[in-house]
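Survey of secondary and tertiary structure
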Amino acid sequence: MDFSDPRNNIALAIALFNWSERWHFEDLYCEAFVHLAGLYNKAQMFTEFKEVSRRSKIAVEGASIGLNERVGNAEALLKSLDFEELWKQDLPASPAREAYERLRKFFIKELEKIYGAWPPAIAVGEDIWLTREIALKLQADFGALYDYLVDRTIEWECVESRSGPKWGLIQHAIEFHGNTSDVPFTDLVRKWDDKHGCPHIPLPYPLLPESIAPVKGMKKSSKEGKNALRKFALAYDESTNAFLSRQKDSDNPFVESFLDFEKEDLPLGVDPQQARRGRWILIYVILQALATVSVDNPRVKHTNGVAYHLSAAIASKGPFFVSKDIVGAFHEDSHCW
């Protein structure tokens, strides 16, 4: 048995916590601290917890409160995938916004297939449905989708001397205009990130299909209809990173389901470029919400098989710290950075 490994063992975590504080073993203290913060509601019921020093007990409780608030905020955002605050009230209805809403409903159905219900039922003995394991699984699936669709030539640039917003998009060092009449992308995600305290995803924009005017009154079963369907489908296929991906998209069933959905979502009835822009807005904010809870504290070594969250921030006012940077999980350590 590894006595430095407190995973799923509250009594050992408490013992390590007390011992490392007494003998000034910083690494063990940090390990035990984060595990206890993730298990705080259960840990405080142990009689051994009374032996924890008052200053450390206060620090762990504060870290636990901060962790619970972050997880609670993420649950509120992800339970319905409803980010309507994104869209300005004065923005008119558009094919892009309608595509966003159809994708939201599709994601919920897919998540129901994976987890049995969405949001998933709270397991016996747990207080939350968004466990660390579910957050990591969601991050893996949506991260794979991001990799498949992101345009790696468009990035953020911050220019302090720029009039108006300091952050803008560039492509090959040239200003890129991400706003369109139907989706003011740059404005929407910049405002959302700022409101929720999220750093911008460095590569924030999707690969876009060519713009194809919707076809009305054409039967899909006709020769012309079949040819048009192939043209629309090809436009989507060509605007992916399929040729750059190290793995086939079929390696991830979630990505495969999305690709099927995208081609079948009002084929011939919506411009693929407009639809992709609207869908990408939803993918972007889901990734940002997940990044707040899917990254473990870098001071934790023992993480496998842990359902409780390990992203609590370690109090910088600990009893003996000598390190300059005792921190929590970095948003920037999530998949998209």
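Right, let's walk through the structure included here. (Residues numbered from 1 in each chain as written. Predicted model: local features only at pLDDT ≥ 70, side-chain atom pairs only at ≥ 80, totals over all residues. Heavy atoms only, no water.)

1. A few points about the overall build of the protein chain
Where we set the bar: Here a strand is any run of E in DSSP of at least two residues, a helix any run of H or I of at least four, and the numbering for each starts at the N terminus. For each residue, the accessible area found with a 1.4 Å probe, counting protein chains only, is set against the maximum for its type, and the residue is called buried under 20%, exposed over 50%, and partly exposed in between. Contacts are assigned to residue pairs with any non-hydrogen atoms lying within 4.5 Å of each other. Only the protein chains shown count as covering a residue, and every accessible area follows the Shrake-Rupley method with a 1.4 Å probe. When charges are counted, Lys and Arg are positive and Asp and Glu negative, with His and the chain ends excluded. For the purpose of locating charges, the reference atoms are NZ of Lys, CZ of Arg, CG of Asp and CD of Glu.
Regarding its fold elements, the protein chain presents ten helices and three strands. By its C-alpha atoms, the protein chain is 75 × 50 × 40 Å across when sized along the principal axes. When burial is assessed residue by residue, the protein chain has 47% of its 337 residues classed as buried. Within the protein chain, residue pairs in contact and separated by at least 24 positions form 73% of the contacts whose partners lie at least 6 positions apart. A total accessible area of about 17,200 Å² is found for the protein chain, and carbon and sulfur atoms account for 52% of it. Of the side chains in the protein chain, 41 bear a positive and 49 a negative charge, and the two mean positions are spaced by 3 Å.

2. Details of helix H8 (residues 223-238)
Rules: One less than the residue count of a helix, multiplied by 1.5 Å, gives the span that helix is expected to have. Arc definition: directions from the helix axis to the C-beta atoms.
Over its 16 residues, H8 runs 23 Å from end to end, which matches the ideal 22 Å to within 8%, given 1.5 Å per residue. Among the residues of H8, Gly-225, Ala-228, Phe-232, Ala-235 and Tyr-236 are the ones counted as buried. Considered in projection along H8, the buried side chains sweep an arc of 100° and stay on one side of the axis. Opposite the buried face of H8, by more than 90 degrees, sit the exposed residues Lys-223, Arg-230 and Glu-238. Those residues of H8 hidden inside the fold are in contact with helix H9 (253-264) and helix H10 (272-291).

3. Re the sheet that holds strand E1 (residues 154-158)
Formally: At least two bridges found by DSSP between two strands are what make those strands a pair. As a rule, the C-alpha atoms of each element are fitted with a line to give its axis, helices using only the stretch in contact, and angles between N-to-C directions run from 0 to 180 degrees.
Strand order in this open sheet of three strands is E1-E2-E3, and the pairing throughout is antiparallel. Across the chains shown, the open sheet's two edge strands, defined by having one partner strand only, are E1 and strand E3 (174-176). The mean angle between the axes of side-by-side strands here comes to 55°, regardless of whether they run parallel or antiparallel. The pairing of E1 with strand E2 (residues 167-171) spans five bridges and is classified as antiparallel. In the strand pairing of E2, Glu-155 is matched with Ile-170.

4. Focus: the environment of Pro-214
As for its position among the elements, Pro-214 is in the loop between helix H7 (185-196) and H8. As for Pro-214 and Ala-315, which are separated by 101 residues in sequence, their C-alpha atoms are 56 Å apart. Excluding its chain neighbours within four sequence positions, the residues that come into contact with Pro-214 are Phe-232, Leu-268, Gly-269, Val-270 and Asp-271.

5. Thoughts on the pairing of E2
Pairing of E2 with E3 involves three bridges; the strand directions are antiparallel. Opposite Gln-171, over in E3, you have Ile-174 as the bridge partner.

6. Describing the pattern of salt bridges
Applied cut-off: A carboxyl oxygen of Asp or Glu within 4 Å of a side-chain nitrogen of Lys or Arg is what we treat as a salt bridge.
Evaluated as defined, the whole model comprises 18 salt bridges. Across the pair Glu-110 and Lys-113 runs a salt bridge whose closest N-O atoms are separated by 3.1 Å. Of the two residues, Glu-110 and Lys-113 are both situated in helix H5 (residues 95-115); the distance of three residues between them amounts to about one turn of the helix. Its relative accessible area of 9% is what places Glu-110 among the buried residues.

7. A closer look at the nonpolar core
Rules: Think of a nonpolar core as a cluster: buried Ala, Val, Leu, Ile, Met, Phe, Trp, Tyr and Cys residues, connected wherever their side-chain atoms sit within 4.5 Å.
The biggest cluster of nonpolar side chains holds 86 residues, and the ones touching the most others in it are Phe-83, Phe-107 and Leu-130. Here this core takes ten residues from H10, the largest share from any one element. If we skip the residues at most four places from it in the chain, Leu-130 touches Val-71, Ala-74, Glu-75, Leu-78, Ala-135, Leu-138, Val-293 and His-309. Ile-212, Ala-228, Ala-235 and Leu-268 belong to the second-largest nonpolar core, a separate cluster that totals five residues.

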